[in-house]
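Chain by chain, the residues:
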Amino acid sequence: MSATIADQKYLSMAIDIASNNVKNSGGPFGALILAPDGRTFEGVNRVTANNDPTAHAEVVAIRAAAEQMGTFTLAGCILYTSCEPCPMCLASALWARVDRVVFAADRHDAERSGFDDAVFYDYFGPDSDRSLMPVERQLFEAEEHLQPFEIWDGLEVRTEY
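Just so we're clear, the structure is a prediction, and the values are computed from it rather than from any experiment.

Basis of the calculations
- Residues numbered from 1 in each chain as written.
- Predicted model: local features only at pLDDT ≥ 70, side-chain atom pairs only at ≥ 80, totals over all residues.
- Heavy atoms only, no water.
- Core = buried A, V, L, I, M, F, W, Y, C linked by side-chain atoms within 4.5 Å.
- Buried < 20%, exposed > 50% of the residue type's maximum accessible area, 1.4 Å probe, protein only.
- Helix = DSSP H or I, 4+ residues; strand = E, 2+ residues; numbered from the N terminus.
- Contact = heavy atoms within 4.5 Å.
- Pairing = 2+ DSSP bridges.
- Expected span 1.5 Å × (residues − 1).
- 1 Å grid on protein atoms, 1.4 Å probe; cavity = no way out; pocket = protein on both sides within 12 Å on 5 of 7 lines; lining within 4 Å.
- Points joined across faces, edges and corners; volume = space filled by probe spheres on them.
- Nonpolar A, V, L, I, M, F, W, Y, C, P; charged D, E, K, R; others polar.

K.L.:
What's the story with the nonpolar core in this structure? I'm lost.
P.N.:
When a protein is soluble and globular, its nonpolar side chains tend to lie buried together. Core analysis: the biggest nonpolar cluster contains 19 residues, and I33, F41, I62, L74, L79 and V98 have the highest contact counts within it. If you list the elements that add at least two residues to this core, you get strand 1 (30-34), helix 3 (57-69), strand 3 (78-83) and helix 4 (87-96). The leading source of residues in this core is helix 3, at six residues. Setting aside residues no more than four positions away along its own chain, I33 makes contact with R39, T40, F41, A61, I62, A65, L74, C77, I78, L79 and V98. Within the second largest apolar cluster, eight residues are counted, among which are Y10, L11, L32 and I78.

Structure below.
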């Protein structure tokens with residue numbers, strides 16, 4: 001798939017955002033959300049600066065766009081990011097209903113600078129034994145684990161998502 005002139009423009013912006021963030025005690029990652037109306041919403045990696053392991057550039061951009069647009073769905077938006085999104089950021093883009101993700105550097109480029117997310121990509125792979133972080137389900141005999149859903153299902157007024 002060849003990049004469009006617009007893709008190149010917004011990817012260059014994401015790269016500039018990332019470069020400036022490095023100069024401001026942040027990580028070498030930058031992202032922006034392009035809304036259908038042409039507005040952009042930026043995000044930078046602030047993991048170490050804010051002691052927030054979820055403060056990846058893509059997540060920060062998604063949060064900014066959703067807040068400023070007043071919606072929890074970013075359908076119609078494009079996420080441009082200076083580097084290939086990690087699994088958390090990809091999942092965040094999916095949950096936000098972003099239409100498309102376009103990135104510049106890939107995970108191997110990041111690995112050469114000490115950012116090795118390969119173990120996380122592998123965790124979600126079909127051959128993973130999930131030993132990195134076991135996840136297990138605990139069932140309840142009285143089905144109390146279904147209570148929140150039963151309450152939700154009984155609401156007359158609720159915001160669907």
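K.L.:
When you look at the side chain of T81 in this model, what are you seeing that I'm missing?
P.N.:
Along the chain, T81 turns up in strand 3. A residue is classified by how much of its surface remains accessible, and T81, at 0% relative accessible area, is buried. Sequence-distant contacts of T81, defined by excluding residues within four places in its chain, comprise L11, A14, G30, A31, E58, V101, V102, F103 and A104.

K.L.:
What is the right way to read the pairing of strand 2 (residues 40-44) from this model?
P.N.:
A regular strand places its side chains so that they alternate between the two faces of the sheet. Going residue by residue along strand 2, you find F41 and G43 tucked away on one face and T40, E42 and V44 left uncovered on the opposite face. Sheet topology note: the strand 1/strand 2 ladder contains five bridges and is antiparallel. Looking at strand 2, one finds that A31 is bridged to G43. In this antiparallel pair of consecutive strands, strand 1 and strand 2, the connection spans five residues, and G38 shows a positive phi of 95 degrees.

K.L.:
Is there a simple way to think about unusual backbone geometry in this case?
P.N.:
A positive phi angle is found at N51, which is not glycine, with a value near 50 degrees. With respect to the helices, strands and loops of the structure, N51 is situated in the loop between helix 2 (47-50) and helix 3. Judged by relative accessible area, N51 falls into the exposed class, the value being 68%. A positive phi is found at R130, a non-glycine position, where the angle reads about 60 degrees. Along the chain, R130 falls in the loop between helix 6 (118-123) and helix 7 (147-154).

K.L.:
Just checking my understanding: could you explain the pairing of strand 1 for this structure?
P.N.:
By the criterion of burial, strand 1 is predominantly enclosed, with five of the five residues buried. Here strand 1 runs beside strand 3; their pairing, made up of four bridges, is antiparallel. Within the sheet, the bridge partner assigned to I33 lies in strand 3 and is L79.

K.L.:
Please explain helix 3 as it appears in this structure.
P.N.:
Each α-helix turn comprises 3.6 residues. Residues three or four places apart therefore point the same way. Between its first and last C-alpha atoms helix 3 spans 18 Å; for 13 residues at 1.5 Å apiece the expected length is 18 Å, and the two agree. Along helix 3, the residues that are buried comprise A57, E58, V59, A61, I62, A64, A65 and A66. For helix 3, the elements touching its buried residues are strand 1, strand 2, strand 3 and helix 4. After helix 3 finishes, the residue G70 shows a positive phi value of roughly 70 degrees.

K.L.:
Can you help me understand the layout of surface pockets in this one?
P.N.:
Using a probe with the size of a water molecule, rolled over the atoms, empty space left in the structure can be pinpointed. Roughly 530 Å³ of volume is contained in the largest pocket. Around the largest pocket sit 25 residues that line it, and H56, C86, M88, D117 and F120 are the ones nearest its centre. Taken together, the elements giving at least two residues each to the lining of the largest pocket come down to helix 2, helix 4, helix 5 (107-111) and helix 6. Partitioned by chemical class, the residues of the lining of the largest pocket number 16 nonpolar, five polar and four charged. By volume, the second largest pocket amounts to about 170 Å³. Lining the second largest pocket are 13 residues; nearest its centre among them are P28, F29, S82, C83 and A105. For the lining of the second largest pocket, the element with the highest residue contribution is helix 1 (residues 5-22), accounting for four residues. Along the lines of polarity and charge, the residues of the lining of the second largest pocket split into nine nonpolar, three polar and one charged.

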